[in-house]
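Residue-level structural notes
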Amino acid sequence: MKIIVLGADGYLGWPTTMDLAGKGHEVVAIDNYSRRNIAMQTSSEALISCPNLEQRVKVFKEKTGKDIQVEIGDLCNFKFLAEIVENFKPDAIVHYAEQPSAPYSMKGYDEAHFTLKNNLEVTHNVIWAILKHAPDCHLVKLGTMGEYGTPNIDMEEGWIDIEHKGRTGKFLFPRQAGSLYHTTKVLDTDLLWFYVRTYGLRVTDLMQGPVYGLSTTESDLDDRLLPNFHYDDIFGTVVNRFLVQAIAGIPLTVYGKGGQIRGYLNLRDTLQCIDLACNNPAEKGELKIYNQLTETFSVNELADKVHSASKLLGIDVKVNSIPNPRKEPEDHYYNPIYTGLIDLGLKPNYMTDEVLGKMLETILKYKGDIKDYMIFPRVSWKK
Ligand code: USQ
């Protein structure tokens, strides 16, 4: 297939780009280094310094003999994107090109405005580039499980049948996100659904939980191919953060009561899900939605898992509840349905001691680069 990856320099974008190119697809990788710039502005740089996209592609070519075309530019510029889509005529576009941090989106007016503008404008431009220049192209869009919030009913895969006063209808599952970032993803889904039902776009929207991991088939070839691994409070996801804290000897930062449950998945499973989505495209006028996770844990359960994986390596980890900087339920019902991707063939890589142990060993190599000041939350939801 001919596939464009938007946000190809990101934590998920880069491993996805390599995975698709490794599988023999013709790949164009686009990014504007927005995440690198925000990381610099907020002192939230990744633990392992990553070569830029052009340099990573050269290393990838050296190691695999395979080519990836790189385009650096801002997808808020419609002309930039439209020209690439018109010339390349993609079969699929994988869209990761959004400001992905909930804490950053809650920092203040400027950060909120940037998140809202960037995320919605890019999604709107992608929709129009497809409509004008590649109307049969399948859009694979990264949504988030956070779109649903933590409802007191089971979370279906995107859609729900509602019976009301004796009549029934199928609707998007109710969404009530817990940060502005997550809310932009809700708005994205609404935008996509409008264009799907009005103009016959083909879209798969993947409601993904927090991802953890470093290792993929390609990133194992050379440390310069590793994803940008964040452990700070802005870009670091909780499992990655806890593992770095374990190595740094800092008590694990459980926010509040630690009863917050989310659906987690290994980075390798994100790659499988994207591959499955690309190979099972939505029909014209169809919005497919999958819940993309492989297991659910509370924050306390994650802390226990990191504690026990560390113990096996002789590392003694302490756990510390700190005041929750977010506004979120700390004790709640959480039951997502996630059979769709399994039915398509997803084979989960679960969060075992071995998986966490391998991550700890990699992080250990970079122990000297861990900056304590990045660990504690610097953004509060309370204004
Ligand atoms: N948490 C802690 N301690 C920490 C960090 C986080 O207790 O040191 C808690 C948070 O309060 C939250 C849970 O762990 O309840 C998950 O937090 P996270 O930072 O791993 O995830 P989140 O901010 O929700 O965002 C991440 C990605 C985002 C993606 C989302 C999926 O950054 O791009 O959309 O995971 S989900 O959480 O399902 O919405």
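Scroll up to find the structure this text is about.
As the structure is a prediction and not an experimental result, all values here were calculated from the model. As a convention, each chain's residues are numbered from 1 in the sequence order in which they are written. Reporting of local features is limited, given that this is a predicted model, to residues whose pLDDT is at least 70; pairs of side-chain atoms are given and counted only at 80 or more, and all residues count toward the totals for whole chains, interfaces and linings. Computation of side-chain values: all heavy atoms of the structure, hydrogens and water removed.

1. Focus: the packing of helix α8 (residues 238-248) against helix α12 (residues 353-365)
Orientation is described by lines fitted to C-alpha atoms, with helices fitted over the stretch in contact, and by angles between N-to-C directions that extend from 0 to 180 degrees. Numbered from the N terminus, helices here are DSSP runs of H or I no shorter than four residues, and strands are runs of E no shorter than two. Axis separation between α8 and α12 bottoms out at 10 Å; the angle between their running directions is 60°. Put simply, α8 runs oblique to α12. As for how α8 packs across α12, the hand of that crossing is right-handed. Residues V239, N240, L243, V244, A246 and I247 of α8 form the contact with α12, whose participating residues are L356, M359, L360, I363 and L364. Among the residues forming the contact of α8 with α12, the class breakdown is 10 nonpolar, 1 polar and no charged. Orientation is classified from the angle alone, with under 35 degrees giving roughly parallel, over 145 giving roughly antiparallel, 65 to 115 giving roughly perpendicular, and any other angle giving oblique. With the far helix as reference, a near helix turned anticlockwise by less than a right angle produces a left-handed crossing, and one turned clockwise produces a right-handed crossing. In this analysis, two residues are considered to be in contact whenever any of their non-hydrogen atoms come within 4.5 Å of each other. We call Asp, Glu, Lys and Arg charged. Ala, Val, Leu, Ile, Met, Phe, Trp, Tyr, Cys and Pro are nonpolar, and the rest, Gly among them, are polar.

2. Digging into the sheet that holds strand β13 (residues 295-298)
The 3 strands lie next to each other as β9-β11-β13, forming an open sheet whose pairing is mixed. Unpaired on one side and paired on the other, β9 (211-212) and β13 mark the two borders of the sheet. DSSP bridges decide pairing: two strands pair if at least two such bridges lie between them. In this structure, strand β11 (residues 261-266) lies alongside β13, joined through 4 bridges in antiparallel fashion. Bridge pairing in β13 places Y264 opposite E295. Contacts from helix α10 (residues 299-312) reach β11 and β13 within the one sheet, and its direction differs from that of β13 by about 95°.

3. Side note on the environment of S43
For S43, the position within the fold is in the loop between α2 (34-41) and α3 (53-64). The spatial distance from the C-alpha of S43 to the C-alpha of M374 is 7.3 Å, given a sequence separation of 331 residues. If we ignore the near neighbours within four places in the chain, the residues touching S43 are Y373, M374 and R378.

4. Quick word on the pairing of strand β8 (residues 202-208)
Taken residue by residue, a regular strand's side chains alternate between the two faces of the sheet. Only protein chains enter the calculation, and the probe is 1.4 Å; a residue is then buried if its accessible area is under 20% of its type maximum, exposed if over 50%, and partly exposed in between. Burial analysis of β8 places 7 of its 7 residues in the buried class, which makes it a mostly covered element. Neither face of β8 is open: one carries R202, T204, L206 and Q208, the other V203, D205 and M207, and all of them are buried. As paired strands, β8 and strand β12 (residues 286-292) are joined by 7 bridges and run parallel to one another. Paired with Q208 across the bridge in β12 is Q292.

5. Section: the pairing of strand β6 (residues 159-164)
Here β6 runs beside strand β7 (residues 167-172); their pairing, made up of 6 bridges, is antiparallel. Directly across from E163, in β7, lies its bridge partner T168. Between the antiparallel neighbours β6 and β7 lie 2 residues, among them K165 with a positive phi of about 50°.

6. Overview of the sheet that holds strand β5 (residues 138-144)
If you walk across this open sheet you meet the 7 strands as β3-β2-β1-β4-β5-β8-β12, and the pairing is parallel. Both edges of this open sheet fall to β3 (69-72) and β12, since each of them pairs with a single strand only. Geometrically, the sheet is characterised by an average inter-axis angle of 20° between neighbouring strands, direction not taken into account. Here helix α7 (residues 180-199) sits on the sheet in contact with β5, β8 and β12, set at roughly 150° to β5.

7. Digging into the site of the ligand
Whether a residue is near a molecule or strand is decided by its heavy atoms; if any one of them lies within 4 Å of it, the residue is near. If you check the shell around the ligand, you find 24 residues, and the closest are T144, Y181, V238, T253 and E328. V238 is positioned such that a nitrogen or oxygen atom in its backbone is 2.8 Å from an oxygen atom of the ligand. Accessibility throughout is a Shrake-Rupley quantity obtained with a 1.4 Å probe, and a residue counts as covered only by protein chains that appear here. Within the complex, 93% of the 730 Å² of free accessible area of the ligand lies under protein. At the level of secondary structure, the elements contributing two or more residues to the shell around the ligand comprise α7, α8, β10 (252-255) and β11. Across the shell around the ligand, the residue classes tally to 11 nonpolar, 9 polar and 4 charged. Whenever two N or O atoms come within 3.5 Å, that pair is a polar contact, provided that in protein one can donate a hydrogen and the other can accept it, and provided that, for residues adjacent in sequence, both atoms are side-chain atoms.

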